[in-house]
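Fold and geometry: a report
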2 protein chains.
Amino acid sequence: MSTPPEVRILVVDDHYIVRVGLVALINTEPGLKVVGEADGGEQAVKLFQALRPDLVLMDLRMPGTSGHEATRLIRQLAAAARVLMLSAFDGDEDIHAALEAGAQGYVLKSATGEDLIPAIHAVAAGRRWIPREVATRLKSRQTYEQLTAREIDVLNQLARGLANKEIADKLGISEYTTKDHLKSILAKLRVADRTQAVTAALQRGIIRLSP
Amino acid sequence: MSTPPEVRILVVDDHYIVRVGLVALINTEPGLKVVGEADGGEQAVKLFQALRPDLVLMDLRMPGTSGHEATRLIRQLAAAARVLMLSAFDGDEDIHAALEAGAQGYVLKSATGEDLIPAIHAVAAGRRWIPREVATRLKSRQTYEQLTAREIDVLNQLARGLANKEIADKLGISEYTTKDHLKSILAKLRVADRTQAVTAALQRGIIRLSP
DNA sequence: GCGCATCCCCCTCGAAGGAGGGATGAAGAC
DNA sequence: GTCTTCATCCCTCCTTCGAGGGGGATGCGC
């Protein structure tokens, strides 16, 4: 009679305290074991190559290489890699980007042990794991159109408070073109003005505030 | 020869995982002990009354009663209460509000055990604990003026993307007065337009995005 | 061919923002 | 008591900017 093999886990989060919590939570669970910890995306990729864990528990928003970039890189190295994304945010765009990058699961940081442990087992076993509330957000996302790369460029400048002319200079286009992009942005996000566009984009996780 | 008495700690954070991390970190340290956990501000006040811990380790941003509200309430109950604020954010306003509410220390969530444990000992012993990078942010804050309550009302409506007339109706004042407040806001935050005002206020932690 | 992203231009009108001018009431200094 | 300060409120004039309505052009992928 053989015991089932342990699930070897790589924990990735930029906050030391969160890593301690995850490790404590996981290592008290029979059948699960943390084999490595990374404090950022670059280190996550390196440790993945060195350790080849059965599952990566990855924070989404980190300074430097983000969680979904790291996930993409890891899945290029090993298409069968299993990634469970962990995030404090439930913005539509965050969730979509995580799954797009190849994560098989998405768990919110407000999760308790009873939420997290089954998610780990499920993803390690090759199944997908999307909590109901997350799935709902993902569906609601489809109700508005996808922004183009250029529109997101403009949006980022908008969030810095630049005027149309300034954005035009920065992006090397004419003010007219900037206004055209802005028109598309307002239409796609279904908002009335630039301020609403910025707050809507921040809430949905399309852009972030630059420090 | 008597051993020094244990420091009894109440841990407050809305994220279960973070609480696990903090408890694991603290309980492995001799002389420190977690005697209670709260997942929000209301529960924190209740548990403080029941447990009378030597120190409260409090998350700043929580849904419902925030960390600084809870701190204020706790210090009304016991002026000698010791609170160490824990925050993921280093916005000037967050730091100032925490100290204003009566916290004796402020530690960032990116802190490691080596950062956190001395902070706990210091605050429990009645000393103040402000990391250098936090103190720097606090000083830079003094370089711009304090907003009035009404200006912050207007700012919150601005962040929702409302026009001056809409803000005026909402707050029950004339559009002219709204524009006056806006002028003060722009001057005090030293920005050129409403969009910059919103992003600046978000970065400094003066306002938050409403979900 | 088509669709789509990107780019450029014109016009119009209302909103935003910058400059003034005041009035009131509460708080604190003297 | 007065005087000052400050937050709050209201108003006018003026200029620029933002936003929405058109019209096109190019290049790319399918």
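All values derive from a computational prediction rather than experimental measurement.

1. Focus: the domain arrangement of chain A
One can read the domain layout of chain A as domain 1 (7-141) and domain 2 (149-204). Taking only C-alpha atoms, the centre of domain 1 of chain A and the centre of domain 2 of chain A are 32 Å apart.

2. Section: the packing of aromatic side chains
Ring pairs (aromatic) are described by centroid distance and by the angle formed between their planes. Under the defined criterion, the tally for this structure stands at zero aromatic pairs over all chains. Directly above the ring of Phe89(B) sits Arg61(B), whose terminal nitrogen or CZ lies 3.8 Å from the centroid.

3. Details of the nonpolar core
Core analysis: the biggest nonpolar cluster contains 48 residues, and Leu57(A), Leu116(A), Leu57(B) and Leu116(B) have the highest contact counts within it. Excluding residues within four positions of it along the chain, Leu116(B) makes contact with Ile17(A), Leu22(B), Leu25(B), Leu57(B), Leu84(B), Leu86(B) and Val107(B).

4. What about the protein's contact with DNA strand D?
Around DNA strand D sit 17 residues in total, of which Lys183(A), Arg194(A), Thr148(B), Ser174(B) and Asp180(B) are the nearest. Atoms of DNA strand D within 4 Å of the protein belong to the sugar or the phosphate in 60% of instances, the rest to bases. One of the side-chain nitrogen or oxygen atoms of Lys183(A) is found 2.3 Å away from a base oxygen of DNA strand D. Taken together, the elements giving at least two residues each to the surface near DNA strand D come down to helix H9 (175-189) of chain A together with helix H9 (175-189) of chain B. Among the residues forming the surface near DNA strand D, the class breakdown is six nonpolar, five polar and six charged.

5. A look at the packing of helix H3 (residues 67-77) of chain A against helix H4 (residues 92-101) of chain A
Residues and elements named next belong to chain A. Closest axis-to-axis distance for the H3/H4 pair is 8 Å, and the angle between their directions is 10°. Considered as vectors, H3 and H4 are oriented roughly parallel to each other. The hand of the H3/H4 crossing is right-handed. Between H3 and H4, the contacting residues are His-68, Thr-71, Arg-72 and Arg-75 on the first element and Ala-97, Ala-98 and Ala-101 on the second. Here the contact of H3 with H4 is composed, by residue class, of three nonpolar, two polar and two charged.

6. Comments concerning the packing of helix H2 (residues 41-51) of chain B against helix H3 (residues 67-77) of chain B
All names here are of chain B. Where H2 meets H3, the axes come as close as 9 Å, and the angle between the chain directions of the two elements is 20°. Considered as vectors, H2 and H3 are oriented roughly parallel to each other. Remark: the crossing between H2 and H3 carries right-handed chirality. Taking contact as the criterion, the partners of Gly-41, Ala-44, Val-45, Phe-48 and Gln-49 in H2 are, on H3, Ala-70, Leu-73, Ile-74 and Leu-77. Grouping the constituent residues of the contact of H2 with H3 by class yields seven nonpolar, two polar and no charged.

7. Points about the protein's contact with DNA strand C
Lining the immediate surroundings of DNA strand C are 17 residues, of which Thr148(A), Ser174(A), Thr177(A), Asp180(A) and Lys183(B) lie closest. Counting only the atoms of DNA strand C that lie within 4 Å of the protein, the sugar and phosphate share comes to 60%. Here Lys179(B) contributes a side-chain N or O atom positioned 3.0 Å from a base oxygen of DNA strand C. Lys183(B) is positioned such that a nitrogen or oxygen atom in its side chain is 2.9 Å from a base nitrogen of DNA strand C. Of all the secondary structure elements, the ones that give two or more residues to the surface near DNA strand C are H9 of chain A together with H9 of chain B. Here the residues of the surface near DNA strand C sort into six nonpolar, five polar and six charged.

The rules behind the values
- Residues numbered from 1 in each chain as written.
- Chains lettered and ligands numbered in written order.
- Predicted model: local features only at pLDDT ≥ 70, side-chain atom pairs only at ≥ 80, totals over all residues.
- Heavy atoms only, no water.
- Domains from an automatic or database assignment.
- Phe/Tyr/Trp six-rings, centres within 6.5 Å; stacked < 30°, edge-to-face > 60°.
- Lys NZ or Arg CZ within 6 Å of the ring centre and 35° of its normal.
- Core = buried A, V, L, I, M, F, W, Y, C linked by side-chain atoms within 4.5 Å.
- Buried < 20%, exposed > 50% of the residue type's maximum accessible area, 1.4 Å probe, protein only.
- Contact = heavy atoms within 4.5 Å.
- Near = heavy atom within 4 Å.
- Polar contact = N/O pair within 3.5 Å; in protein donor to acceptor, adjacent residues only side chain to side chain.
- Helix = DSSP H or I, 4+ residues; strand = E, 2+ residues; numbered from the N terminus.
- Nonpolar A, V, L, I, M, F, W, Y, C, P; charged D, E, K, R; others polar.
- Axes fitted to C-alpha atoms, helices over the stretch in contact; angles between N-to-C directions.
- Parallel < 35°, antiparallel > 145°, perpendicular 65-115°, else oblique.
- Left-handed = near helix turned anticlockwise from the far one by under 90°.

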